[in-house]
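# Examining the three-dimensional arrangement
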Amino acid sequence: MLKPGSTAPDIDLPLTIDARFVLSDQTPENFTMLVFYRGKHCPICKRYLEELGGRLSDFTDRGVNVFAISMDSEDRAMVTDGEWKTHDLPLVHSMDEDTARAWGLYISEGRDGSDEPDRFSEPGLFLLKPDRTMHFAVTQNAPFTRPSLDELIEGIDITLEKDYPTRGTLT
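Here is a short report on the structure shown in this document.

Conventions and cut-offs
Counting from 1, residues in each chain are numbered in the order their sequence is written. Selection of residues for local features in this predicted model requires a pLDDT of at least 70, selection of side-chain atom pairs for listing and counting requires 80 or more, and totals for whole chains, interfaces and linings are taken over all residues. Side-chain measures here rest on the full set of heavy atoms in the structure, leaving out hydrogens and waters. The definition of a nonpolar core used throughout is a set of buried Ala, Val, Leu, Ile, Met, Phe, Trp, Tyr and Cys residues joined through side-chain atoms within 4.5 Å. Burial status follows relative accessibility: with a 1.4 Å probe on protein chains alone, a residue under 20% of its type maximum counts as buried, one over 50% as exposed, and anything between as partly exposed. The numbering of helices and of strands both runs from the N terminus, where a helix is a DSSP run of H or I of at least 4 residues and a strand a run of E of at least 2. When checking whether two residues touch, look at their non-hydrogen atoms; a contact exists if any pair is within 4.5 Å. Salt bridge criterion: a side-chain nitrogen from Lys or Arg within 4 Å of a carboxyl oxygen from Asp or Glu. By the criterion applied in these results, polar contacts are pairs of N or O atoms within 3.5 Å in which, for protein atoms, one can donate a hydrogen and the other can accept it, and in which residues neighboring in sequence qualify only through two side-chain atoms.

## Observations concerning the nonpolar core
Ranked by internal contacts, the top residues of the largest apolar core, which has 24 residues, are Met33, Leu49, Leu52, Phe59, Val64, Val66 and Leu89. Every element with two or more residues in this core is listed here: strand 3 (31-36), helix 1 (43-54), helix 2 (56-60), strand 4 (64-69), strand 8 (124-128) and helix 5 (149-162). With five residues, helix 1 is the single largest residue contributor to this core. When neighbours within four sequence positions are excluded, Leu89 is seen to be in contact with Leu49, Leu52, Gly53, Leu56, Val66 and Ala68. Residues Leu2, Phe36, Ile69 and Val92 belong to the second largest nonpolar core, which totals 20 residues.

Right under this line is the structure:
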């Protein structure tokens, strides 16, 4: 489990746009937001990422760099990139299980006869300060609920306006 206020592990993975995402290279004005999703097989992920992609400017206008990350292979990620309406949301792929575990993500096995890969991470959402310290974290062991984007934006606004501290640091 990552402790709030601690430095998050670095990530260096490919994007679907033939570039690399390196977390330690991020220089956001306020936050980097990482949205870990289950993969192309997940209709709830599709709905959430399409909503997020359609509202990307709500985050970027607040100085938040947003990335969606999965354990999907490049081939599966390219299908997601082509078929889902994620707009300009950067899609990071090919995360390995060790990296997912380092982030405290739950790992599931694919079900026989499904489109699920052999192993994949369950959802997580993290807000990191510019120095890569964790400010906010949500991890889930199932796909059925996700943080409300409206409430997340409201929380970011309160944090920025009132210099609201990172909570849970005594964990």
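From this point, the narrative continues.
## A closer look at the pattern of salt bridges
What the rule picks out here adds up to 13 salt bridges. We note a salt bridge from Asp115 to Arg76, for which the minimum N-O separation is 3.4 Å. Here Arg76 lies in helix 3 (residues 74-83) and Asp115 lies in the loop between strand 6 (107-109) and strand 7 (119-121), a separation of 39 residues in the sequence. In this structure Asp115 comes out as partly exposed when scored by relative accessible area, which is 38%. Overall, the relative accessible area of 15% leaves Arg76 in the buried class. What you see here is one network of salt bridges that share partners, running through Lys40, Asp72, Arg76 and Asp115.

## Things to note about the side chain of Arg132
Within the fold, Arg132 resides in the loop between strand 8 and strand 9 (134-139). Within the local environment of Arg132, its side chain forms a polar contact with the backbone oxygen of Ala8, the two atoms lying 2.8 Å apart. Contacts of Arg132, omitting those with residues within four sequence positions, involve Ser6, Thr7, Ala8, Pro9, Asp10, Leu23 and Ser24.

## Topic: the environment of Met95
The topology assignment puts Met95 in the loop between strand 5 (91-92) and helix 4 (97-102). Among the residues examined, Met95 registers a relative accessible area of 3% and is labelled buried. The spatial distance from the C-alpha of Met95 to the C-alpha of Glu29 is 26 Å, given a sequence separation of 66 residues.

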